[in-house]
Every structure is written in structure tokens, then in C-alpha cells.
2 protein chains.
Amino acid sequence: MPKTKVTIKDVAREADVNPSVVSRVLNKDSTLKVREETRERVWEAAAKLNYRPNRMAKMLRTKKSKMIAVLISKFSDLYFTAILEGIVWVAEERGYIISVFSTEEDRKKGSKCIETVYEYGMDGAILASSYVEEKTLQQLRYSSVPMVMLRRSSREFGVMGMLADELAGVSMVMEHLIGLGHQKIAHISGELFSRSGLKRFEGYRKALYENGIPYRVEYVQESDQTEKGSYDAMMRLLELEDPPTAVFAFNDTVAFGAMSAIRDKGLRIPDDISVVGHDNTILSEHTYPRLTTVDSRMKDMGELAAKMLIDAIEGKENAGERGEPECDIKIEPRFVVRESTGRVRK
Amino acid sequence: MPKTKVTIKDVAREADVNPSVVSRVLNKDSTLKVREETRERVWEAAAKLNYRPNRMAKMLRTKKSKMIAVLISKFSDLYFTAILEGIVWVAEERGYIISVFSTEEDRKKGSKCIETVYEYGMDGAILASSYVEEKTLQQLRYSSVPMVMLRRSSREFGVMGMLADELAGVSMVMEHLIGLGHQKIAHISGELFSRSGLKRFEGYRKALYENGIPYRVEYVQESDQTEKGSYDAMMRLLELEDPPTAVFAFNDTVAFGAMSAIRDKGLRIPDDISVVGHDNTILSEHTYPRLTTVDSRMKDMGELAAKMLIDAIEGKENAGERGEPECDIKIEPRFVVRESTGRVRK
DNA sequence: CTGAAAGCGCTTACAG
DNA sequence: CTGAAAGCGCTTACAG
């Protein structure tokens, strides 16, 4: 192992050429005309000495670090692993390493992370957290470091944005339930001031309307997205005079809370009431019964984000100015039918 | 933002001193005697220009990257997030950034990751994966890059090791069950060629012996640690002539499989049979009923690993050769009682 | 076809 | 108390 680091000079000496030739051969510089025999000598020398170019020197010279930053808000985020997996997968393929930062739901800290990204000369960043000071966020537009924001629209900050197609997902949920004969469909919503909370509620209303099912205010319960809050919300639904036969929960965690309430009321899922979640987190395979849900395809989102980012990074080299950064990419969700939904009871 | 990067020369010009003075002031070089007034001018100039030293240049010069690598085997590992959280927490505190690599259960790939760690000049690495070629592993001993291995003994590779105290955890499980009056305690083991599989089985036998409970071969079922395999193992237990009243499952996933089998047999948990898991993964809070389990304190393990690693990195600077790397640190588990265990039925 | 030189942005002995 | 210089290990115009 690197007892004494072997440098380009060592290789040059071994191959009996100038260091610059070593560099150009090893980097496959196409503009270089070199005798085949020399080229081989260089490769052999490099292999013999087990030469690994020093990245730090390379970085300093080329202004390219081959490092990408990923900002997340908190580790307990159930999406985090899937997103990161997708990112790491394509990053590795394209020769980048990734560095993880946690903003911790603290905008000051988020801004510091961005500072660090610049300081370390990272080539780009994927922001899966928007806990960043407004000021910093606004400056992103003028930064020469490409970034892509997950779950945020590009229009806000002039960087590439990537979103789930919320309406499409909810539409799948509602078609499924209506197809099973349900008419009394309730919705335990997320916070109705967040984008996804609003979007999913909108999709719910839209589907009812399009299917000629009257909207009932009492069938919509806002939850704080905790299990406890969702449990309470479900209890309120179950205590209605005319309780629903199916519930569309804002996400899987909310669905869990709801399922507990249903069981505590002595009702069976899906015989008495059907439950649908959203997000297809690791948890949804492990509920009892296993949860029907919408897969937001977070791994795919991570992959796509990394691809777009790296394209932007490498495109920049040629293009000079980066082109249209202000585009939103939508990811189509997938519907996953498991055991928590069934035909409506007669 | 960094439209045109400001360098140490810009600050020097602004403060009207030599770049070397800027460097020494900003790095709080204690050997430097400098007029208070000059010092202030430097700080002001740096602040005014919003100067951030270029890490790449600094790295190249000082041979310190302030970067730590974390190797994991796969993203679906339920421990991963907790370990990483602990690591990131202390790394940030001490001024290091962390870089994540996935070995993917592929030793070749693992060795490549290690290569990359050297190439990028990382200051140290935490190996939460041992999917690394044997050859590479053996060379770790002679590497000048400090490393700590998680869930592996140090003796194998001459690097610091960190282990859970398996026997202590199992002992807690058994005391709990015996305290609830259980005598017919089964064990769905993990693979009996893995360290943890063996250790937990050993703990199970030991506890039986120490409590004067006879060991019954048919009460131990080896599982492949999948849910399906564990389901089958539990079914075998339930079909015994004299079935157990309590089961200690190798880990939470195994416990899930077992719980499904119990439910499918029409039995209730914990009324008819108690179930204990191991690891306190995110899942265990979400089973029905919620799972009693052993908390391996992975976040703490991550924190401790990062602390030890950074101490080694920084200790090296002074100490020259690093001291005793061959030490195993054991993490004491904690027992978490939830709802899947109860008094034995009369 | 290959070499010599400059320079990326820092830090650190060494002068003065 | 502060400055000038060398050098970390590369890459890349420029010579020849």
C-alpha cells in the first residue's frame, strides 16, 4: 500500500520519458501523437509501480473535483436511502464520488453546507433538503456550480428541479378504490400548506368530481403527519354517523396511524375498510396487512437527478454557459397493490 | 457567489501584506509574532472579500483532506442510516466531511472503493462493510490511512474494530422472557456460520443452562434471515407437539416473518405466544403488536467509530506512528420492551 | 514525436 | 515583526 506515494515523476523516470508525456498518455489525450512503443512503456511503468494519480493535485490543476454533494434534511427521512442509492449508482458509473451533508431542518446549517460545497470545490450538488437560508437559495441562480433540487420546482430558484407527479399518483389511488366499488372514500390529508399536502388533496377532489361522487367535508381530516395525529384523525372518521368504507392516507406513516385506529375499533382491513398509503417506503411491506400504496420511485429520482447533474457539469465544459437550467422533470409514480384494499362490503 | 474566486493573493493585496502572513493569521499560527493591527487588517480583508481558502490547494500542500470515507455494503441495510447519522454528527463537529461508498456485496468492488479512498487522499475510513478482497484487507494493516471496522474484530486485520456485545443483549432477552414465566423458549437463529448468528445462539444456550432450563433441539430453527424463511421456521415450531410459548428471533426481520406465521395460525401475540426481535430497526416500532427487541445502538456506534477514527488521524500527526490499533471496542446493547411479549399463559 | 516551463492556490521553512 | 521563495503533484499551452 501507499507506503511512499509514487508520483508521476517516478513513472516518468521508469518509462524514461518526460512527466508531461506520462500525463498525456494516461489521460488518453487524443491530440497527442506518440509512438506506440512509448505509449506502451508508459502504461507498463504505471502498472509496475501501481501508480495512482494524486487527485488533489489533479483537482487543483483542472478545477474539477469529481465530487458531488448531496444535501438531506434528516437521516430519519424514509426516502433518503432510496434517493442516495440511485445517486451513488450513477455517480460511480460516471466516475464521481459523493459526499453527504445533513442540514438538520436548520436553515443556517443548510447555508453552511452550501458554503462547504463551494469550499471543497465540489462539481455539483443535489439538494434533497430545502432547509437553506432564503438568501443562499436565491444566490444559487448565479452560482457556477450546477445543482438540482429534489421535490421543488425549478422556477423558484432557477436551478433544475425534480418533482413527483402527485396528481397522477392520487388518480391511480382513486381509480383503484372506485373500481373496487367504493363511494365513501375519506382522505386523511397531510398539512394543507405544504406542496404535497395540497397536491394530494387536490387530486382527491378532482377524482371525486370526475367520477361524479359528491364531496363531503367531514370525509377529509387534516393530520400533522405523525402516527399519533393520524390515529386521531382516523378515529374521528370512524365515529362519523356514516363512516367511510375506504381511506386514502397522505403517506405510509399516516396510513399506519390509521390502521392502528381501525384495529383498535375492532374493525378488519380490508374487509370492513380499505386503506391506501403513499410513497411505498420500506415500512409499507411490513404492515399487517401489507399496505397498498403509491410508489414515488425515489431511487429512480435519485438516478435521474444524478444524470442530469453530471450532464450539466460536463456539458458546461463545452457549452461555456449552461443552457436552460429552469426545467422541471416529473417522475411518473407507480401503483403497488397489496393486501390493505378490497371490494366494498355489501 | 463565487463568480470569480477570491484567492489568498486578493486578501493579501487588500490587507497590504504578504500572502504568507494572511495564511498564518487565518490559520492561527501560534508561532507567528504579528502586530495586532496587522492581524486585524487581515481578518477584515478576508471578511470583506468573503474569502474561503481553496481546499484543494490546502490539501495538496498539507496532505490532509479533512475527508473521511464510509463504506457500506448495501443501502437496504437497515443499520446504515443510523450508523451514518452518528458518523456525520461527530465528523461535522470536528471539521470533516464524509463520503459514502457502497461495496454492493462484491469484494472486487469493495477493493476498488479502498483504492478510491487512497486516490482521493481521504484521511481515514470507516468500514461498515467487509465485502473487500482478502488481499486488500490484509494490506490495511500496513496502510498509513487509519481505519476502523464495524462489526468485526480488530484482531483479524490489525485495524481498530468495533463490536456489539452480543451475549449481553441475548442475556437481556432471556432474562426478560424467563421473568415473564416462560420456560418453553424457542430460537429462530440466523445463519449458524456468521459471527452474530453463532453468538446469539451461544447466548441462548448459555441462558437456558444458567437458568436450569433443558435445551431442546427441536426448539432451535435455523433461518436464512429472510422473512419467508423465518415464516417457515416459525411454522415448524408451531407444528410441534409441544410448541413454545415464546420465541427469540435472530433479528427484527426474522421476527416479522415469525409474527406472520403466528397470525396465520390464528394465534395471538403476546397472549398465546411472545416474540422478541433484535436490533431495534425502524421496523420494530411499526409491527403489530409493536416488537420487543434489543437495541444495538447503531447511532452510538457510528459516533464512537468516528471519534476513534478522528483521534487516530489527528493523533498520528503528533505521534508519528499510530499506537495500538488492535483494540476492540464493545457497545453495550439496550433492551426495549414493547407489546409483543407478555406473561406466559397458564 | 517529445521536452521544458509555467502555474493551479496554498503553506512553511528560511531570511532579513 | 514581515517578506520572498520553494514546492505539493499534477496538466497544458508552447517549443523544438
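Definitions and cut-offs
- Residues numbered from 1 in each chain as written.
- Chains lettered and ligands numbered in written order.
- Predicted model: local features only at pLDDT ≥ 70, side-chain atom pairs only at ≥ 80, totals over all residues.
- Heavy atoms only, no water.
- Near = heavy atom within 4 Å.
- Polar contact = N/O pair within 3.5 Å; in protein donor to acceptor, adjacent residues only side chain to side chain.
- Helix = DSSP H or I, 4+ residues; strand = E, 2+ residues; numbered from the N terminus.
- Nonpolar A, V, L, I, M, F, W, Y, C, P; charged D, E, K, R; others polar.
- Buried < 20%, exposed > 50% of the residue type's maximum accessible area, 1.4 Å probe, protein only.
- Contact = heavy atoms within 4.5 Å.
- Buried area = accessible area lost by both parts, 1.4 Å probe.
- Salt bridge = Lys/Arg side-chain N within 4 Å of Asp/Glu carboxyl O.
- Pairing = 2+ DSSP bridges.
- Expected span 1.5 Å × (residues − 1).
- Least-squares fit on C-alpha atoms with pLDDT ≥ 70 in both.
- Axes fitted to C-alpha atoms, helices over the stretch in contact; angles between N-to-C directions.

- An unreviewed UniProt entry lists chain A under the name LacI family transcriptional regulator, from Ruminococcus gauvreauii.

So, the protein's contact with DNA strand C
Stage number 1. Taken together, the neighbourhood of DNA strand C is formed by 26 residues, with Val34 and Arg61 of chain A together with Ile8, Ser23 and Arg61 of chain B sitting nearest.
Stage number 2. Sugar plus phosphate, as a fraction of atoms of DNA strand C within 4 Å of the protein: 61%.
Stage number 3. Within the side chain of Lys63 of chain A, a nitrogen or oxygen atom sits 2.8 Å from a sugar or linking oxygen of DNA strand C.
Stage number 4. At the level of elements, α2 (19-26) and α4 (55-62) of chain A together with α2 (19-26) and α4 (55-62) of chain B are the ones that each hand at least two residues to the surface near DNA strand C.
Stage number 5. Looking at the surface near DNA strand C element by element, the count peaks at four residues for α4 of chain B.
Stage number 6. Looking at side-chain class alone, the surface near DNA strand C contains nine nonpolar, nine polar and eight charged residues.

Things to note about the environment of Pro289 of chain B
Residue and element names in this part refer to chain B.
Stage number 1. For Pro289, the position within the fold is in the loop between β9 (274-276) and β10 (293-295).
Stage number 2. According to the relative accessible area criterion, Pro289 is buried, its value standing at 12%.
Stage number 3. Sequence separation of Pro289 and Pro270 is 19 residues, and the distance between their C-alpha atoms is 8.2 Å.
Stage number 4. Dropping the residues within four chain positions of it, Pro289 is found in contact with Met259, Ile269, Glu339 and Ser340.

So, the interface of chain A and chain B
Often, the extent of an interface is quoted as the loss of accessible area on bringing the components together.
Stage number 1. The partner chain B presents 48 residues to the 48 residues of chain A that form the contact.
Stage number 2. Together, the buried faces of chain A and chain B total about 4,900 Å²; carbon and sulfur atoms form 66% of this surface.
Stage number 3. Between Arg55 of chain B and Glu119 of chain A there is a salt bridge, with the nearest N and O atoms lying 3.1 Å from each other.
Stage number 4. On the surface where chain A and chain B come into contact, there are 14 residue pairs in polar contact (both at pLDDT 80 or more).
Stage number 5. Put simply, the parts of the chain that give the side of chain A that touches chain B at least two residues each are α4, α5 (80-93), β2 (97-102), α6 (107-119) and α11 (252-264) of chain A.
Stage number 6. A breakdown of the residues in the side of chain A that touches chain B according to their chemical character gives 25 nonpolar, 12 polar and 11 charged.
Stage number 7. Across three bridges, the pairing between β2 of chain A and strand β2 (residues 97-102) of chain B is antiparallel. Note that in β2 of chain B the partner of Ser99 of chain A across the bridge is Ser99 of chain B.

Things to note about the protein's contact with DNA strand D
Stage number 1. Close to DNA strand D lie 26 residues; Ile8, Ser23 and Arg61 of chain A together with Val34 and Arg61 of chain B are nearest.
Stage number 2. Backbone atoms, meaning sugar and phosphate, form 62% of the atoms of DNA strand D found within 4 Å of the protein.
Stage number 3. One nitrogen or oxygen atom from the main chain of Arg35 of chain B is found 3.0 Å from a phosphate oxygen belonging to DNA strand D.
Stage number 4. Those elements that provide at least two residues to the surface near DNA strand D are α2 and α4 of chain A together with α2 and α4 of chain B.
Stage number 5. Here the element with the most residues in the surface near DNA strand D is α4 of chain A; it accounts for four residues.
Stage number 6. Within the surface near DNA strand D, the residues separate by chemical class into nine nonpolar, nine polar and eight charged.

Examining the side chain of Ser284 of chain B
Residues and elements named next belong to chain B.
Stage number 1. For Ser284, the location among the structural elements is in the loop between β9 and β10.
Stage number 2. Its relative accessible area of 0% is what places Ser284 among the buried residues.
Stage number 3. Ser284 has contacts with Asp252, Phe256, Arg290, Leu291, Thr293 and Arg338, leaving out every residue within four places of it along the chain.

Some remarks on the pattern of salt bridges
Stage number 1. Within the structure shown, the criterion is met by 54 salt bridges over all chains.
Stage number 2. Linking Glu115 of chain B and Arg52 of chain A is a salt bridge whose minimum nitrogen-to-oxygen distance equals 2.8 Å. With Glu115 of chain B in helix α6 (residues 107-119) and Arg52 of chain A in the loop between α3 (36-49) and α4, this residue pair bridges two chains.
Stage number 3. Glu115 of chain B gets classed as partly exposed once you look at its relative accessible area, which sits at 22%.

A short note on helix α10 (residues 227-238) of chain A
Residues and elements named next belong to chain A.
Stage number 1. Over its 12 residues, α10 extends 16 Å from the first C-alpha to the last, a length consistent with the 16 Å expected when each residue adds 1.5 Å.
Stage number 2. Listing the buried residues of α10 in full gives Gly229, Ser230, Ala233, Met234, Met235, Leu237 and Leu238.
Stage number 3. On the buried face of α10, the contacting elements are β6 (185-189), β7 (220-222), β8 (246-249) and α11.

Section: the relation of the copies chain A and chain B
Stage number 1. Taken as rigid bodies, chain A and chain B are interconverted by a rotation of 180° and an axial shift of 0.0 Å, the fit giving an RMSD of 0.1 Å. With respect to symmetry, the two chain copies, as superposed, fit the operation of a two-fold axis. Scanning chain A for the C-alpha nearest the rotation axis identifies Ser99 of chain A, at a separation of 2.1 Å.
Stage number 2. Same-surface contact between copies: 100% of interface residues of chain A are shared with the interface of chain B.

Digging into the sheet that holds β6 of chain A
Residues and elements named next belong to chain A.
Stage number 1. Read from one edge to the other, the open sheet built from four strands follows the order β7-β6-β8-β9, with strand pairing classed as parallel. Both edges of this open sheet fall to β7 and β9 (274-276), since each of them pairs with a single strand only. Between one strand axis and the next, the sheet turns through 15° on average, direction left out of account.
Stage number 2. Packed onto the sheet, helix α9 (residues 195-210) meets β6, β7 and β8 and runs at close to 170° relative to β6.
Stage number 3. Of the strands in this sheet, β6, β8 and β9 touch α11, which is tilted by about 165° from β9.

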